[in-house]
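Listed below, chain by chain, are the residues.
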Amino acid sequence: MTAREKLLEKYSAKVYKNRKDHILQLEESDEARNIAANTRAIPGVMTARGCCYAGCKGVVVGPLKDVCVITHGPVGCGFYSWGTRRNKARTDERADKNFVPYCLSTDMQEPDIVFGGEKKLEKAIDEAMAIFDPKCVMICSTCPIGLIGDDVQAVARRVEEKYGIRAIGYSCEGYKGVSQSGGHHIANNGLMRYVIGTGDEPPKTKFSVNVLGEYNIGGDGWEEARILKRCGIEVLNLFTGDASYESLKSAHLAHLNLVMCHRSINYIAEMMKTKYGIDWLKVNFIGVGATCESLREIAGYFGDAGLTARVEEVIADEIGAISEEMAYYRSRLTGKTAGIFSGGSRSHHYQALLADLGMKTVIAGYEFAHRDDYEGRDVIPLIKEDADNKNIESITVSPDERFFRRAYSDEEIEGLREGGVEIDAYGGMLPEMAAGDVVVDDYNHFETDELIRTMKPDIFLSGIKDRYSIQKAGVSSRQIHSYDYSGPYAGFNGAANFGRDVTMALYSNAWGLVTPPWRHAPMLVGSVAEGGGK
């Protein structure tokens, strides 16, 4: 019996019917590997997903450093989406203020829910303007706001008129869509409508990029920007880690978009392609080999001999600086196995880094992926929309008369693709996984526990919601959403940091040395009374 069959046999018929298409165990076959994704989680099942609000505020707009992002809802929602992902930011010449350390909320109480919260929201914005004086305010709604009907867009318009700033309201109530993925889409729509394309600050070089879907967790984006700068490539924006309202306004003037987290920001990549003619490349700066491949592909896109030579110089220098460390970590980690569950493209990205260290990923999946994140973008035309997905608006853009430009003709694009530059393409996670590997969409605690028993990974990389249950099972765990206060893990130095942390986790696994008392003695003792007595 396969690991997948062992897992599914313990479900009731109803749950089995729901989960069977979300779980794959890959076989040696060239046939299409299909998986169900982006559907509702089963009520009562302990899914690791977040909500639509978390995707909008907690992932995409929350890291913007010069924006006052106000949670319109109970204070717990604001706290839940604040300070947990370690989005690092620092002031610069375009953004002399950094509001990322603050949690701003209207703290809706029961009377506010009964009588409406728009006045309280406007008062909160007045206070934020008096204290912080931001150039932009963003309002993110939580579940109660959608239920009582507060019009955050109308409030945003009144704020703009009153203060002469940009104000954006997001109707990203937690119950919209099926996961945080819906919130990503809503946030992308708002940035395209009201921010991107409103500035006119040109790039300083002829090789300029935006890194989309990079939230600078643990300083990842800074490490990527450092490497790209060494190569002679100008980073206009990290979307949205360490980014600002001021910098995003001129994002449409970049020469190329690089997509890190495909799920959270592919909407902007596609809309910028349509509106401004900017091509995009799916890149991965997690892992030594992956970083080298991405840098070479970027150089291949620009087609400049000097840039290509400089990229090779930087690669050689960076690899030389970490080669000794990586060799040591590889000697300690070769042959070890891992399970990884994350969001965006990270479960895919980290498989490359684990392979650099001699490790094999045997279990993988995403929390909030769509089928194209697993199977590649070629499957998009085959995906059927359901009622949940139709709740999220898909906006239509057209070529901008002033700024639309194309770097290459269709024939030149095909030539680049034939040369290995995969423009506007993403193959997904499944094609790079091997026979026997288990892939799970929208994993839950029960499935995690069962897969640990059957697949026996040496380490599990996931989020905070299941970290401690994994450790208590005796398996090492690393928090891949915020890096357990470590990082960066991106780029060459990040690979060495990751190797160090995984080695420490595996070779100082205190939980693996502990025998819980319930293993050899019952924790509860009782008896059944005879005769049905009271």
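Residues numbered from 1 in each chain as written. Predicted model: local features only at pLDDT ≥ 70, side-chain atom pairs only at ≥ 80, totals over all residues. Heavy atoms only, no water.

Picture the strands of a sheet paired through backbone hydrogen bonds; they go either parallel or antiparallel. Taken in spatial order, the four strands make up an open sheet running 7-6-8-9, and their pairing is parallel. Of all the strands in the sheet, just strand 7 (234-240) and strand 9 (280-282) have a single pairing partner and so form its edges. Across the sheet, the mean angle from the axis of one strand to that of its neighbour is 20 degrees, orientation sign disregarded. Both strand 8 (residues 256-259) and strand 9 contribute to a ladder of three bridges, which runs parallel. Bridge pairing in strand 9 links Val-259 to Lys-282. Those strands touched by helix 10 (residues 220-231) are strand 6 (208-214), strand 7 and strand 8, and its axis lies near 160 degrees from that of strand 6. (Pairing = 2+ DSSP bridges. Helix = DSSP H or I, 4+ residues; strand = E, 2+ residues; numbered from the N terminus. Axes fitted to C-alpha atoms, helices over the stretch in contact; angles between N-to-C directions. Contact = heavy atoms within 4.5 Å.)

Taken in spatial order, the six strands make up an open sheet running 1-12-11-10-13-14, and their pairing is mixed. The sheet is open, and its two borders are formed by strand 1 (23-25) and strand 14 (476-479), each paired with just one other strand. Direction aside, neighbouring strands of the sheet carry axes that sit 15 degrees apart on average. As paired strands, strand 10 (residues 337-342) and strand 11 (residues 360-366) are joined by six bridges and run parallel to one another. Looking at the pairing, Ser-342 lines up with Tyr-366 of strand 11.

This part covers the pattern of salt bridges. Scanning all chains against the criterion turns up 40 salt bridges. Of the charged contacts in the structure, one is a salt bridge between Lys-273 and Asp-279, with a shortest N-O distance of 2.3 Å. Classification of Lys-273 as partly exposed rests on a relative accessible area of 22%. Overall, the relative accessible area of 3% leaves Asp-279 in the buried class. Connected through salt bridges with shared partners, the residues Glu-223, Arg-226, Arg-230, Asp-317 and Glu-318 form a single ionic network. (Salt bridge = Lys/Arg side-chain N within 4 Å of Asp/Glu carboxyl O. Buried < 20%, exposed > 50% of the residue type's maximum accessible area, 1.4 Å probe, protein only.)

Position of Glu-530 relative to the elements: it lies in the segment after helix 21 (491-507). Each C-alpha atom, one on Glu-530 and one on Leu-357, is 61 Å from the other, the two residues being 173 residues apart in sequence.

Turning to the packing of helix 13 (residues 288-302) against helix 14 (residues 305-333), a few remarks are in order. Here helix 13 crosses helix 14 at 175 degrees, and the two axes come no closer than 10 Å. In terms of orientation, helix 13 and helix 14 fall into the roughly antiparallel class. Counted together, Val-288, Cys-292, Leu-295, Arg-296, Ala-299 and Phe-302 of helix 13 and Leu-307, Thr-308, Val-311, Glu-312, Ile-315, Ile-319, Ile-322 and Met-326 of helix 14 form the full contact between these two elements. A breakdown of the residues in the contact of helix 13 with helix 14 according to their chemical character gives 11 nonpolar, one polar and two charged. (Parallel < 35°, antiparallel > 145°, perpendicular 65-115°, else oblique. Nonpolar A, V, L, I, M, F, W, Y, C, P; charged D, E, K, R; others polar.)

By themselves, these are just geometric observations and shouldn't be taken as functional.
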